[in-house]
Amino acid sequence: MGFLTLTGDSDRSSVSGHSFAPRSCCSSTVGGALYSAAVSDTETKSQDARPQKVKVYLESRYRKLERGLPQTIFYCPECKGNRRKSRGCERCEGFGKLTKDSVQEMIGRKAIPLFRAKRGKFHGAGREDIDVLMLGRGRPFVYEVVDSRGPDADLTRLDEMIREEYAGRIELDPFRRVERERVPYWKESKFDKLYRVQVELSGEVSPEVVRALAGQSFDITQRTPTRVAHRRADLERHRHVSIQTVGECVDGTLSLDIRCVHGTYVKEWISSDDGRTTPSLTSVLGVSSKCAALDVLDILTDD
Ligand SMILES: [Zn+2]
C-alpha cells in the first residue's frame, strides 16, 4: 500500500492495521516533498505544519467485574459535564460527572496517549446498567481513537497496560484493528442475553412453586419503566423471557438464570414496575419480588 491521503481529508480516513504504511512513509517531510509540486503553497504549508491524523478502530470485548462502574462517561445530568455550568453545580460538585471511572475512560487513559491522540469514542454492542456485572465472554465494543498521530501503536502493549492497571475491575480480550463498519455492526445487531438474577422475595413461596419455574417462558408486555421514563418515550414493548435454571432459595433470595430477547427490562420483569410489565415474576409467584443483583452471563452473538 502507498501513502495515505495527504489532503485535508485525513481526519476522515480509517486505517486497518494490516495495511497501514510504516511511520516513516507518512511523515510530513516525505509527504510534503513528494506533493509540493502538485499543491498550492498554502496547502503545502498546512500539511507540513500538521502531521497526519487518522482514526483507529479497535475491537475487543470487556468483562466488568465491579458494580457501580458505568460503560461510558457518566456525565452529570444537571450540568451535562459542561465546563462552565459545572462550576457551580451542586449535583456533581463541579466534577462534571458522577463517577470517577467508566470502562470508556479506563481504556482511553491508556489508549489515547499510546496512540498520540486527544480523545476517543466508545461504541458498545448495547450496554448494561451501572450496577450490573458483565461476565462470560464479555460485551463486544469498538474503541475509536480520534485523530491519532501514532496509529501504528503496539496493541499488545495496550492490552498489558490495561491488564496491569485495572486487574479485578475490567478484563478485555486482546484488541484488534478493525474497519469502521464494525461500529454500525455492533450498534445495530440485536442479540439475546443470558442473565443471572438474585431475586428478593417479600414473602413465603412454596418450594414446589419455585422449582416449577424452571423451563417456563413468558411473552411479556412492558411499558417504558418509570426509572427511564424521563428519557424514553412511553411505549409498550413485547418481549420474551425464559427461565433456564432455578437455584436455591436462601433467606428469601432466589437465584435464577434467564434468557431474554434484546431490549428486555429485566428488573421490571421481576418487580412488575407497578403493573407496567405483565406478566412479571411478582405476578407469577404472587409475592412482591425485587432484583437484588443482576449479572450478564453472556451476550449470544453470532460468533
Ligand atoms: Zn453537574
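You'll find the structure just up there.
Reading guide: rules and limits
Residues numbered from 1 in each chain as written. Predicted model: local features only at pLDDT ≥ 70, side-chain atom pairs only at ≥ 80, totals over all residues. Helix = DSSP H or I, 4+ residues; strand = E, 2+ residues; numbered from the N terminus. Contact = placed C-beta atoms within 7 Å. Pairing = 2+ DSSP bridges. Expected span 1.5 Å × (residues − 1). Buried ≥ 20, exposed ≤ 12 C-beta atoms within 10 Å, placed from the backbone. Arc of directions from axis to C-beta. Core = buried A, V, L, I, M, F, W, Y, C linked by C-beta atoms within 7 Å. Domains from an automatic or database assignment. Axes fitted to C-alpha atoms, helices over the stretch in contact; angles between N-to-C directions. Left-handed = near helix turned anticlockwise from the far one by under 90°. Nonpolar A, V, L, I, M, F, W, Y, C, P; charged D, E, K, R; others polar.

Novice: An account of the overall build of the protein chain is needed here, citing residue identities and associated values.
Specialist: Counting secondary structure elements, the protein chain contains 10 helices and 11 strands. For the protein chain, contacts bridging at least 24 residues in sequence account for 69% of all contacts bridging at least 6.

Novice: Account for the pairing of strand β11 (residues 289-299), naming residues and giving values.
Specialist: Sheet topology note: the strand β3 (residues 133-148)/β11 ladder contains two bridges and is parallel. Paired with leucine 133 across the bridge in β11 is aspartate 295. One ladder, built from nine bridges, connects strand β6 (residues 193-201) with β11; its direction is antiparallel. From the neighbouring strand, lysine 193 faces β11, where its bridge partner is isoleucine 299.

Novice: Break down the environment of arginine 182 for me, citing the residues and quoting the values.
Specialist: Tracing the sequence through the fold places arginine 182 in helix α7 (residues 182-188). As a C-alpha pair, arginine 182 and valine 142 span 40 residues in sequence and 7.2 Å in three-dimensional space. Excluding its chain neighbours within four sequence positions, the residues that come into contact with arginine 182 are Tyr57, Glu59 and Val142.

Novice: Let's hear about unusual backbone geometry: which residues, and what values?
Specialist: In this model, threonine 278 is joined to proline 279 through a cis peptide bond whose omega is -15°. Position of proline 279 among the secondary structure elements: in the loop between β10 (277-278) and α10 (281-285). Of note, the phi angle at arginine 116 is positive, near 45°, even though the residue is not glycine. Of note, arginine 116 is situated in the loop between α5 (103-114) and β2 (119-124).

Novice: Help me get a handle on α5, residues and values and all.
Specialist: Along its 12 residues, α5 runs 17 Å from first to last C-alpha, staying within 8% of the 16 Å computed at 1.5 Å per residue. Of the positions making up α5, those classed as buried are Val103, Gln104, Ile107 and Ala111. Seen end-on, α5 carries its buried residues on one side only, within an arc spanning 75°. Each element contacted by the buried residues of α5 is listed here: β1 (54-64), β2, β3, α6 (155-166) and β4 (170-172).

Novice: So what's going on with the nonpolar core? Residues and values would help.
Specialist: In terms of nonpolar packing, the biggest core is built from 42 residues, with Val197 and Val199 touching the most fellow members. Of the residues that make up this core, three or more belong to each of domain 2 (54-188) and domain 3 (193-299). For valine 197, the residues in contact, after removing those within four places along its chain, are Leu256, Ile258, Val266, Ile270, Cys291 and Leu294.

Novice: Before we move on, could you go through the environment of valine 284 and cite the residues and values that matter?
Specialist: Among the structural elements, valine 284 can be located in helix α10. The sequence separation of valine 284 and valine 209 amounts to 75 residues, and the corresponding C-alpha distance is 9.3 Å.

Novice: Can you lay out α6 for me, pointing to particular residues and giving the numbers?
Specialist: Its 12 residues give α6 an end-to-end C-alpha distance of 16 Å, which sits within 8% of 16 Å, the value for a rise of 1.5 Å per residue. Listed in full, the buried residues belonging to α6 are Leu158, Ile162 and Tyr166. For α6, the angular spread of buried residues about the axis comes to 30°, placing them on one side. Along α6, exposed side chains directed more than 90 degrees from the buried face belong to Thr156, Arg157, Glu160 and Glu164. Where α6 is buried, its residues touch α5 and β4. Positive backbone phi, approximately 85°, marks glycine 168, located one or two places after α6.

Novice: Go over the packing of α5 against α6, please, and point to the residues and values.
Specialist: In contact at an axis separation of 10 Å, α5 and α6 are set at 145° when each is read in the N-to-C sense. α6 is crossed by α5, and the crossing has right-handed handedness. Contacts between α5 and α6 involve Met106, Ile107, Lys110, Ala111 and Leu114 on the former and, on the latter, Arg157, Leu158, Met161, Ile162, Glu165 and Tyr166. Of the residues contributing to the contact of α5 with α6, the split by class is eight nonpolar, no polar and three charged.

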